[in-house]
Amino acid sequence: QVHPVESGGGLVQPGGSLRLSCTVSGGTFSMYALGWYRQAPGHQRAMVANIGTTGDTNYADSVKGRFTISRDNAKNAVYLQMDNLKPEDTAVYYCAPSNYYPRPWGQGTQVTVSS
């Protein structure tokens, strides 16, 4: 069974940075495309960044130039470096294999951007 576990969230001031981590157990990690998603209160969960099996990346327009997704297949881990954070980035962040269905969701990690 595929099981993601996210960590690294917290409270940060606008303009600050956070690095989220996610480990994924189950299956063959190197065969997963991996996405970071977020869900803010009253909004649907949406993808913010994705990294393919060959390291190709894509980002939501709202985070381009500020967020960087990376992966370490040796550690079964995917990361999201978030810089220049804005209040509108406040959400629960989740990671999941984006080419695995049904998509397995972990508990997520809360990111709050506030002064």
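Scoring rules and cut-offs
Residues numbered from 1 in each chain as written. Predicted model: local features only at pLDDT ≥ 70, side-chain atom pairs only at ≥ 80, totals over all residues. Heavy atoms only, no water. Helix = DSSP H or I, 4+ residues; strand = E, 2+ residues; numbered from the N terminus. Rg over C-alpha atoms; globule rule 2.2 N^0.38 Å. Buried < 20%, exposed > 50% of the residue type's maximum accessible area, 1.4 Å probe, protein only. Pairing = 2+ DSSP bridges. Axes fitted to C-alpha atoms, helices over the stretch in contact; angles between N-to-C directions. Core = buried A, V, L, I, M, F, W, Y, C linked by side-chain atoms within 4.5 Å. Contact = heavy atoms within 4.5 Å. Phe/Tyr/Trp six-rings, centres within 6.5 Å; stacked < 30°, edge-to-face > 60°. Lys NZ or Arg CZ within 6 Å of the ring centre and 35° of its normal.

Some points on the overall build of the chain
Part 1 of the argument: Secondary structure assignment for the chain yields zero helices and ten strands.
Part 2 of the argument: Helices (α) and strands (β) of the chain occur, in sequence order from the N terminus, as β-β-β-β-β-β-β-β-β-β.
Part 3 of the argument: Rg of the C-alpha trace for the chain: 13 Å, near the compact-globule value of 13 Å for 115 residues, within the 12% margin.
Part 4 of the argument: With respect to the principal axes defined by its C-alpha atoms, the chain has extents near 40 × 25 × 20 Å.
Part 5 of the argument: A buried classification covers 42% of the 115 residues belonging to the chain.

A look at the sheet that holds strand β8 (residues 77-82)
Part 1 of the argument: Read across the open sheet, the four strands follow the order β1-β3-β8-β7; overall the sheet is antiparallel. Whereas interior strands pair on both sides, the edge strands pair on one side only; in this sheet they are β1 (3-7) and β7 (67-72). Going across the sheet, the axis of each strand differs from the next one's by a mean of 20°, ignoring polarity.

Topic: the nonpolar core
Generally speaking, a soluble globular protein has its nonpolar side chains buried in company with each other.
Part 1 of the argument: V24, W36, V78, L80, M82 and Y93 are the most contacted members of the largest nonpolar core, which totals 25 residues.
Part 2 of the argument: Among the secondary structure elements, those contributing two or more residues to this core are β3 (18-25), β4 (34-39), β5 (46-51), β7, β8, β9 (91-97) and β10 (109-113).
Part 3 of the argument: With four residues, β3 is the largest single contributor of residues to this core.
Part 4 of the argument: If near-sequence neighbours (up to four positions away) are discounted, M82 is found in contact with G16, S17, L18, L20, R66, F67, Y93 and V111.

Side note on the packing of aromatic side chains
Part 1 of the argument: Per the stated rule, a full pass over the model turns up three aromatic pairs.
Part 2 of the argument: Seen in terms of ring centroids, Y94 and W105 are 5.9 Å apart; in terms of plane orientation they differ by 75°. Their pairing is edge-to-face. Residue Y94 is found in strand β9, and its partner W105 is found in the loop between β9 and β10; the two are separated by eleven residues along the sequence.
Part 3 of the argument: The exposure class of Y94 is buried, given its relative accessible area of 11%.
Part 4 of the argument: Of the residues examined, W105 reaches a relative accessible area of 35% and is grouped as partly exposed.
Part 5 of the argument: Three or more aromatic residues joined by ring pairs make a cluster, and in this case those are Y37, Y94 and W105.
Part 6 of the argument: Taking the ring centre of Y79 as reference, the NZ or CZ of R19 above it sits at 4.1 Å.
Part 7 of the argument: Above the face of the Y94 ring, R45 is positioned so that its terminal group lies 3.8 Å from the ring centre.

Regarding the side chain of T109
Part 1 of the argument: By secondary structure assignment, the location of T109 is in strand β10.
Part 2 of the argument: When residues no more than four places from it in sequence are discounted, the contact partners of T109 are E6, S7, G8, G9, L20, A91, V92 and Y93.

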